[in-house]
Amino acid sequence: MSSIRFSKYHGTGNDFVIVDNRNRVFDSDNNDFVMHICHRRFGVGADGFMLLESSDKGAFAMRYYNSDGRESTMCGNGGRCLVAFARQLGLVKDGELVEFEAIDGLHHAVCMGDIISLKMVDVKGIEELDGGFYLDTGSPHFVRYVDDLQGTDVYKEGSKLRYSNMFGDGGANINFVRYNKAGHISLRTYERGVEDETWSCGTGTVASVLTSYYRFGGPLIWDADVKGGKLKVSFTPAGRGLFTDIRLDGPAKFVFEGTLDNFLKQQDGI
Ligand SMILES: N[C@H](CCC[C@H](N)C(=O)O)C(=O)O
């Protein structure tokens, strides 16, 4: 059987194991294996796992799995890292627009050196509930504003909200946001499917910026400070709680590569 190679990437500290699966070497239904690969002690360690696959709709297709091993909805940082990986494979050239298929539709992206700019799906509404805001930016997000962001127990407060009955069986990702000024927020995110705080969440950053514009107004390009670095979100308002032409810009870095062959033979128990 041919060797299964992987590349490790991160986008502002949100990290991923990525496999080129165009020749279908990887069993995409093996959720237990994905969970083992993402395990921080027994595996490579990552917030998420992605397969780059062939597509008849775009240059390639993206399949995203959270570290719980289950396939999930759109990942903004993951999408940016996948485009950087596609460039490593020679499928994308710097400065050229690339279109790829993901679970929430087609996405455009452009590589500009370390910075990858990813077009996100349109946002079709923001719901106010329980003193916060709920919206879908490719993944479901709840946004809550706090004054003391560093003092917020993201794990405790985030898991309480994530598993509350507000979001049904599917749950939601939970973002704690500090509004610094028009055009600048800081945020921390409890991620569904990782079931912990991640150092950055792309779709969560988009949700938090759009909610901040919805609430306070301001410019159409915002800076967002996350635990693992800085992201930029731009957008076009299209009505109350409606947004189009949403772009998530930020770094996507190659960290290391390896093979999963040994891992396939023995998976230490977890
Ligand atoms: N945990 C999310 C998907 C990954 C989102 C995040 N890593 C991003 O960058 O958008 C969910 O299952 O809804």
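Calculation notes
Residues numbered from 1 in each chain as written. Predicted model: local features only at pLDDT ≥ 70, side-chain atom pairs only at ≥ 80, totals over all residues. Heavy atoms only, no water. Domains from an automatic or database assignment. Contact = heavy atoms within 4.5 Å. Buried area = accessible area lost by both parts, 1.4 Å probe. Salt bridge = Lys/Arg side-chain N within 4 Å of Asp/Glu carboxyl O. Polar contact = N/O pair within 3.5 Å; in protein donor to acceptor, adjacent residues only side chain to side chain. Helix = DSSP H or I, 4+ residues; strand = E, 2+ residues; numbered from the N terminus. Nonpolar A, V, L, I, M, F, W, Y, C, P; charged D, E, K, R; others polar. Buried < 20%, exposed > 50% of the residue type's maximum accessible area, 1.4 Å probe, protein only.

Enquirer: Lay out the domain arrangement of the protein chain in plain terms, naming residues and giving numbers.
Expert: Domain annotation for the protein chain reports domain 1 (4-114 + 253-266) and domain 2 (127-249). The gap between the C-alpha centroids of domain 1 and domain 2 is 23 Å. Counting from both sides, the interface comprises 16 residues of domain 1 and, opposite them, 19 residues of domain 2. In this assembly, domain 1 packs against domain 2 so that about 1200 Å² is buried in total across both faces, 45% of it on carbon and sulfur atoms. Taken together, the links from domain 1 to domain 2 amount to 0 salt bridges. The interface formed by domain 1 and domain 2 includes 9 residue pairs in polar contact (both at pLDDT 80 or more). At 3 residues, the largest contribution of residues to the side of domain 1 that touches domain 2 is made by helix H2 (residues 76-88). Looking at the side of domain 1 that touches domain 2 residue by residue, the classes come out as 2 nonpolar, 10 polar and 4 charged.

Enquirer: Lay out the pattern of salt bridges in plain terms, naming residues and giving numbers.
Expert: A complete count under the given rule lists 21 salt bridges for this structure. With a closest N to O distance of 2.7 Å, aspartate 15 and arginine 40 form a salt bridge. Placement of aspartate 15 in strand E2 (residues 14-20) and of arginine 40 in the loop between helix H1 (31-38) and strand E3 (48-53) is noted, with a sequence separation of 25 residues between them. Under the relative-accessibility criterion, aspartate 15 is labelled buried at 8%. Of the residues examined, arginine 40 reaches a relative accessible area of 43% and is grouped as partly exposed. Of the charged contacts in the structure, one is a salt bridge between arginine 63 and glutamate 53, with a shortest N-O distance of 3.8 Å. Of this pair, arginine 63 sits in strand E4 (residues 61-66) while glutamate 53 sits in strand E3, and the two are 10 residues apart along the sequence. You'll find arginine 63 and glutamate 53 in the same group, each marked buried.

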